[in-house]
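Structural overview for review
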2 protein chains.
Amino acid sequence: MDLDDVDRHLLELLQSDARLTFSELGRRVSLSAPAVTERVRRLEHRGVITGYSARIDPEKLGRPIQAIVRVRVRSLDGPRFRETILPLPEITDADHVTGDECWQLRVHCRTTAELEQFVERAQRYGETTTSLVFSSPVRGRGLPL
Amino acid sequence: MDLDDVDRHLLELLQSDARLTFSELGRRVSLSAPAVTERVRRLEHRGVITGYSARIDPEKLGRPIQAIVRVRVRSLDGPRFRETILPLPEITDADHVTGDECWQLRVHCRTTAELEQFVERAQRYGETTTSLVFSSPVRGRGLPL
DNA sequence: TATGAAAATTACATGTC
DNA sequence: GACATGTAATTTTCATA
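Residues numbered from 1 in each chain as written. Chains lettered and ligands numbered in written order. Predicted model: local features only at pLDDT ≥ 70, side-chain atom pairs only at ≥ 80, totals over all residues. Heavy atoms only, no water.

Going by the annotation in an unreviewed UniProt entry, the name recorded for chain A is Lrp/AsnC family transcriptional regulator, with Amycolatopsis silviterrae given as the source organism.

Listed below in structure tokens is the structure:
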């Protein structure tokens, strides 16, 4: 995926502040704004950059309970699990992984009662293991460039 | 954290595209650009918005191996684990959780050999369980508003 | 590099307590 | 009247052909 040093620099800058203007990016990488715009467009187009998002504190949105729920989904239940569980809005991340606890979900709930209810629903598709998150010292840290 | 409907609307818009201009946000929520700017600044200042970041495809950066590594860190080793493992650049997320597998790490490696090396380093602090990520049907989905 | 658009800043209006 | 929150007008900066 031949990225040159300037591309990598731009990715690094956008990873830490996605709202930097093209002009500002240009200053930081010593290029004109149009040149930067073109590079960023290309990075988007090639799928290197897949989007830009605001990070929001779940607590401030009234969802202080964060948990990681692992589910040993029985193989026949896979499709139904995907259809009914993955769209639930309290899920922010869902990974399909190796091992027999084959799904791993990050959920953000308003209360422990809501978490209990979520786990009960997930349990219809297999055994679950739930860990409450105390803290996340690293969250969405940028990849090295 | 009293957020009104406009705040929620702005958060939703910025969650799905953090590069929208204030003018564009203003159009979408039927408010003037300065009014929107003021609201967004307040949301940032109150810590509701904690930042803006570009999402980048790890594969396109030459890191196709993604894994979730759980570590049963022995309590005395906690501080050293934080100091030496958490800063490793292949980690994008680290959660401290309940249960005896008390740390959960998401790592992105260039090769399985690199993952092996990572796991060996982590193992100095306790037993590990590693799951390779096949796919992540939900990644960083916005919270409901 | 030139243009039209957007951002920052200032001044002023409105509504609520 | 004081405060929060909005609009309007102006200048500077930015996006883009």
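Here the narrative resumes, following the displayed structure.
Here we take up the protein's contact with DNA strand D. F22, S23 and R27 of chain A together with S32 and R39 of chain B are the nearest of the 14 residues found near DNA strand D. The share of sugar and phosphate among atoms of DNA strand D within 4 Å of the protein is 79%. A distance of 2.9 Å separates a phosphate oxygen of DNA strand D from a polar atom in the backbone of F22 of chain A. In this structure, a phosphate oxygen belonging to DNA strand D sits 3.5 Å away from a side-chain N or O atom of R41 of chain A. Within the residue set of the surface near DNA strand D, elements represented by two or more residues are α2 (22–29) and α3 (33–45) of chain A together with α3 (33–45) of chain B. Split by residue class, the surface near DNA strand D holds six nonpolar, four polar and four charged. (Near = heavy atom within 4 Å. Polar contact = N/O pair within 3.5 Å; in protein donor to acceptor, adjacent residues only side chain to side chain. Helix = DSSP H or I, 4+ residues; strand = E, 2+ residues; numbered from the N terminus. Nonpolar A, V, L, I, M, F, W, Y, C, P; charged D, E, K, R; others polar.)

The next point concerns the environment of G126 of chain A. All names here are of chain A. Residue placement: G126 occurs in strand β5 (residues 126–138). You can call G126 buried: its relative accessible area is 1%. Separated by 49 residues in sequence, G126 and D77 place their C-alpha atoms 8.5 Å apart. The contacts of G126, once residues within four sequence positions are left out, are V71, R72 and R74. (Buried < 20%, exposed > 50% of the residue type's maximum accessible area, 1.4 Å probe, protein only. Contact = heavy atoms within 4.5 Å.)

Bringing the pattern of salt bridges into the picture now. Inspection of the entire model under this criterion finds 37 salt bridges over all chains. Residues joined in a network through salt bridges with shared partners are D93, D95, R106 and R139 of chain A together with D93, D95, R106 and R139 of chain B. (Salt bridge = Lys/Arg side-chain N within 4 Å of Asp/Glu carboxyl O.)

The next subject is the protein's contact with DNA strand C. DNA strand C sits among P34 of chain A together with T21, F22, S23, R27, P34 and R41 of chain B. Among atoms of DNA strand C positioned within 4 Å of the protein, sugar and phosphate together represent 83%. Here a phosphate oxygen of DNA strand C and a backbone polar atom of F22 of chain B are 3.0 Å apart. One of the side-chain N or O atoms of S23 of chain B is found 2.8 Å from a phosphate oxygen in DNA strand C. Among the secondary structure elements, those contributing two or more residues to the surface near DNA strand C are α2 (22–29) and α3 of chain B. Among the elements that take part in the surface near DNA strand C, α2 of chain B stands out by supplying three residues, more than any other.

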